[in-house]
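A look at the structure
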Amino acid sequence: MDANQEKFPYIAVLEVPENKIEIVPGASSDLTSVTFSIKEEDHTLGNALRWCIMQNSQVDFCGYSIPHPSEAKTQVRIQTTDSTNAIDSMNKGLDDLKSACQLIQHKLHQRLAEGNFARTA
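Right, let's walk through the structure included here. Here the structure is a predicted model, which is why all the values come from computation and not from measurement.

**Side note on the side chain of Thr32**
Note on placement: Thr32 falls in the loop between strand 1 (21–23) and strand 2 (33–39). Taking the relative accessible area as the measure of exposure, Thr32 reaches 10% and is therefore buried. Not counting residues within four places of it along the chain, the set of residues in contact with Thr32 comprises Ile78, Gln79, Thr80, Thr81, Asp82, Thr84, Asn85 and Ala86.

Encoded structure:
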């Protein structure tokens, strides 16, 4: 356990299973249009990831859906320009989302260490 986890044990670091994300059959041959299925995720990840992916100027469309409430998966559809592909765009979106979360976590730890916040009994 690193120093931050000792100070903030409520922030979990989880292992990601190898088959967490899959490409749904029906992707275009040049991979500019792909639907990804992400297991055990919901609107929390879907909307944040969609937003990050849409910040990429080489992405024409990105949307997500939850196929059915009883299925624990989120589907993310990405359509890109010819200058990139959906797999690279998904990887960039995941990296950008991770960076945003790390920044938020860093700011949280910084503010908690400062101790400049209201405390309740």
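And the narrative resumes.
**Overview of the state of the cysteines**
Summed over the entire model, instances satisfying the criterion amount to zero disulfides. Left unpaired, Cys62 is separated from the closest cysteine sulfur, that of Cys52, by 9.8 Å. A residue is classified by how much of its surface remains accessible, and Cys62, at 6% relative accessible area, is buried. This cysteine, Cys101, is not joined by any disulfide, and Cys52 carries the nearest cysteine sulfur, 7.8 Å off. Accessibility expressed as a relative area gives 44% for Cys101, which makes it partly exposed.

**A word on the packing of helix 2 (residues 43–54) against helix 3 (residues 86–114)**
In contact at an axis separation of 8 Å, helix 2 and helix 3 are set at 110 degrees when each is read in the N-to-C sense. When the axes of helix 2 and helix 3 are compared, the pair comes out roughly perpendicular. Contacts from Leu45, Ala48, Leu49, Cys52 and Ile53 in helix 2 reach Ser89, Met90, Gly93, Leu94, Asp96 and Leu97 in helix 3. In the contact of helix 2 with helix 3, the residues fall into eight nonpolar, two polar and one charged.

**Concerning the nonpolar core**
Counting residues in each nonpolar core, the largest one holds 13 residues, and the members touching the most others are Phe36, Leu49, Ile53, Cys62, Val76, Ile78 and Met90. The set of elements that each furnish at least two residues to this core consists of strand 2, helix 2, strand 3 (59–65), strand 4 (73–80) and helix 3.

**Some thoughts on the sheet that holds strand 1**
Reading across from one edge, 1-2-4-3 is the order of the four strands in this open sheet, with antiparallel pairing throughout. Only two strands of the sheet have a single partner each, and these edge strands are strand 1 and strand 3. Taken pair by pair, the neighbouring strands of this sheet meet at an average axis angle of 20 degrees, ignoring direction. Sheet topology note: the strand 2/strand 4 ladder contains seven bridges and is antiparallel.

Each value, and the rule that gives it
- Residues numbered from 1 in each chain as written.
- Predicted model: local features only at pLDDT ≥ 70, side-chain atom pairs only at ≥ 80, totals over all residues.
- Heavy atoms only, no water.
- Helix = DSSP H or I, 4+ residues; strand = E, 2+ residues; numbered from the N terminus.
- Buried < 20%, exposed > 50% of the residue type's maximum accessible area, 1.4 Å probe, protein only.
- Contact = heavy atoms within 4.5 Å.
- Disulfide = S-S within 2.5 Å.
- Axes fitted to C-alpha atoms, helices over the stretch in contact; angles between N-to-C directions.
- Parallel < 35°, antiparallel > 145°, perpendicular 65-115°, else oblique.
- Nonpolar A, V, L, I, M, F, W, Y, C, P; charged D, E, K, R; others polar.
- Core = buried A, V, L, I, M, F, W, Y, C linked by side-chain atoms within 4.5 Å.
- Pairing = 2+ DSSP bridges.

The analysis is restricted to geometry; functional conclusions fall outside its scope.
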